[in-house]
Amino acid sequence: MPKTKTERVTISLCPPVDLGGEPGWIPFDAPSLVGESLRFVSGEPDGNRFRARYYRDAEQHLHARIWFGPETEGPPGHAHGGAVAAVMDEALGLAAWAAGYPIVVGNLNVSFRNMLPLQKVVTVESRVISAEGRKVMVHGRIFSGETVYAEAECLCITIPGK
Ligand SMILES: CCCCCCCCCCCC(=O)SCCNC(=O)CCNC(=O)[C@H](O)C(C)(C)COP(=O)(O)OP(=O)(O)OC[C@H]1O[C@@H](n2cnc3c(N)ncnc32)[C@H](O)[C@@H]1OP(=O)(O)O
């Protein structure tokens, strides 16, 4: 009769990272606005996938500091394109909510400009460009210093009744 074997799985967490904002940025509490459902990107603030923190600046624009952990890997040592798109989806959709539009994302167009190294803290900046009828256009980019990793155009559609 085969013996049952207990396997011990050890998950080692990466060390803490600094997701602090720029002077003048105010921490933005996304769950208090949209609920607790945004777990895919921001749900594990100490995990090995994404670590994210949102802020608003004095002009109420939404910014995020994002750390792409080892579990977001696509090309060796670099973030998966889907991981980059997931961050854009969440951050730019949230930017529309933060500007007062209850939306879901209808179309997201991401341009990958440079490979994004893992375990790097980057910044997402966003701008609500226009709002016509139910369509809200948000633009954003992920960058660090002079390097732009991705740019995105996000068409958000307001949800009737919200
Ligand atoms: C609840 C708490 C959440 C709280 C969550 C907050 C989270 C924010 C961040 C996360 C963002 C996400 O991941 S959201 C998840 C990913 N997204 C989704 O799953 C969305 C799936 N799609 C849908 O549910 C639907 O297609 C909608 C709601 C987007 C649109 O459907 P609809 O309500 O029937 O409206 P519809 O008549 O089709 O479209 C309305 C207008 O928008 C235009 N339009 C619609 N889609 C598109 C499109 N892809 N590209 C161009 N234009 C479009 C139409 O032409 C029309 O223009 P006109 O004729 O008026 O000119």
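Residues numbered from 1 in each chain as written. Predicted model: local features only at pLDDT ≥ 70, side-chain atom pairs only at ≥ 80, totals over all residues. Heavy atoms only, no water.

Peer 1: Run through the overall build of the protein chain, naming residues and quoting values.
Peer 2: If you tally the helices and strands in the protein chain, you get three helices and seven strands. Its helices and strands in sequence order give the protein chain the pattern β-α-α-β-β-α-β-β-β-β, from N to C terminus. By its C-alpha atoms, the protein chain is 70 × 40 × 30 Å across when sized along the principal axes. A burial count over the protein chain gives 36% of its 162 residues as buried. Nonlocal contacts in the protein chain, meaning residues at least 24 apart in sequence, comprise 63% of its contacts between residues at least 6 apart. Put simply, the protein chain has 16 plus and 18 minus side-chain charges, and the middle of one group is 6 Å from the middle of the other. (Helix = DSSP H or I, 4+ residues; strand = E, 2+ residues; numbered from the N terminus. Buried < 20%, exposed > 50% of the residue type's maximum accessible area, 1.4 Å probe, protein only. Contact = heavy atoms within 4.5 Å. Lys, Arg positive; Asp, Glu negative; His and termini not counted. Charge placed at Lys NZ, Arg CZ, Asp CG, Glu CD.)

Peer 1: Could you give an account of the layout of surface pockets, naming the residues involved and the relevant values?
Peer 2: The method is simple in principle: a probe with the dimensions of a water molecule rolls over the atoms, and the space it marks as empty is what remains. Of the voids in this model, the largest pocket is the one considered here, and its volume is about 280 Å³. Surrounding the largest pocket, 15 residues form its lining, Leu38, Asp89, Glu90, Trp97 and Ile103 being those nearest its centre. Those elements that place two or more of their residues in the lining of the largest pocket are helix H2 (39–42), helix H3 (81–98) and strand E4 (103–112). The element that contributes the greatest number of residues to the lining of the largest pocket is H3, accounting for six residues. (1 Å grid on protein atoms, 1.4 Å probe; cavity = no way out; pocket = protein on both sides within 12 Å on 5 of 7 lines; lining within 4 Å. Points joined across faces, edges and corners; volume = space filled by probe spheres on them.)

Peer 1: Tell me about the pattern of salt bridges, and name the residues and values.
Peer 2: On inspection of all chains with the given rule, the structure shows three salt bridges. Residue Glu22 pairs with Arg65 through a salt bridge whose shortest N-O separation is 2.6 Å. Residue Glu22 is located in the segment before strand E1 (26–27), and its partner Arg65 is located in strand E3 (residues 62–68); the two are separated by 43 residues in the primary sequence. Close ionic contact of Arg113 with Glu151 constitutes a salt bridge, the shortest N to O distance being 2.7 Å. Within this pair, whereas Arg113 is found in the loop between E4 and strand E5 (121–132), its partner Glu151 is found in strand E7 (residues 147–158), the two being separated by 38 residues in sequence. Taking relative accessible area as the criterion, Glu151 reaches 32% and is therefore assigned partly exposed. (Salt bridge = Lys/Arg side-chain N within 4 Å of Asp/Glu carboxyl O.)

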